[in-house]
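Analysis of the macromolecular model
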Amino acid sequence: MKKFFVLLMSAMICTMAFADEIIIVPRPNPNSGSSNGKKSSALYPSVNYEESTVTIYAPYYIDSMTVVIADSNEEEIYTVQLGGFIGQQSIVLPDVVDADKYSIYLFFNGICLYGLF
């Protein structure tokens, strides 16, 4: 029974190790005003990509977000508009988009976040 349990745990850990994640690098908002050094760092949404599904985690309420998937030539290949949400929002990419994806852009509240697949 111990061997079966160890085998089962190993299989679960291996499947989690193959998940592809997108690291979103926030770009500064050019309309941010003055930059006071005493401000705390901003909280930004994070993105996870796994098996044709893009999941966006928002730490606060976002009333409208545009998600753009682009290819390696920075040409838009898929765009979706998300309504108000907080927490987790998932987008399933069509097969055609999933094959050619390269980068992702998140536009909301005058902020642009960019990440690579």
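Only a predicted model underlies this, so the values are computations on that prediction, with no experimental measurement involved.

Two side chains of opposite charge can pair, provided their charged atoms sit close to one another. One pass over the full model with this rule turns up 1 salt bridge. Among the salt bridges present, the one from Asp98 reaches Lys101, with a minimum N-O distance of 3.5 Å. For Asp98, a relative accessible area of 16% gives the class buried.

So, about the environment of Asn73. Counting through the fold element by element, Asn73 comes out in the loop between strand E4 (65–70) and strand E5 (76–82). Between the C-alpha atom of Asn73 and that of Tyr102, which follows or precedes it by 29 residues, the distance is 8.7 Å.

Next up on the list: the packing of aromatic side chains. Under the counting rule described, the total for this entry stands at 3 aromatic pairs. Between Tyr49 and Phe117, the ring centres sit 5.1 Å apart and the planes meet at 90°, which makes this aromatic pair edge-to-face. You can see Tyr49 sitting in strand E2 (residues 46–50) and its partner Phe117 sitting in the segment after strand E8 (111–116), a full 68 residues away along the chain. Its relative accessible area of 7% is what places Tyr49 among the buried residues. On the accessibility criterion, Phe117 (31% relative accessible area) is partly exposed. Measuring from ring centre to ring centre gives 4.9 Å for Tyr105 and Tyr114, while their planes differ by 50°; the resulting arrangement is tilted. Among the residues examined, Tyr105 registers a relative accessible area of 15% and is labelled buried. Clustering of aromatic rings is evident, with ring pairs tying together Tyr105, Phe107 and Tyr114. For the cation-ring pair, Lys101 lies above Phe117, with the distance from its terminal atom to the ring centre recorded as 5.5 Å.

The subject of this paragraph is the side chain of Asp98. By secondary structure assignment, the location of Asp98 is in helix H2 (residues 95–100). Here the side chain of Asp98 touches Ser52 through a polar contact of 2.7 Å, side chain to side chain. Residues contacting Asp98, with those up to four places away along its chain left out, are Tyr49, Ser52 and Leu93.

Here is what the cut-offs are and how they apply
- Residues numbered from 1 in each chain as written.
- Predicted model: local features only at pLDDT ≥ 70, side-chain atom pairs only at ≥ 80, totals over all residues.
- Heavy atoms only, no water.
- Salt bridge = Lys/Arg side-chain N within 4 Å of Asp/Glu carboxyl O.
- Buried < 20%, exposed > 50% of the residue type's maximum accessible area, 1.4 Å probe, protein only.
- Helix = DSSP H or I, 4+ residues; strand = E, 2+ residues; numbered from the N terminus.
- Phe/Tyr/Trp six-rings, centres within 6.5 Å; stacked < 30°, edge-to-face > 60°.
- Lys NZ or Arg CZ within 6 Å of the ring centre and 35° of its normal.
- Polar contact = N/O pair within 3.5 Å; in protein donor to acceptor, adjacent residues only side chain to side chain.
- Contact = heavy atoms within 4.5 Å.

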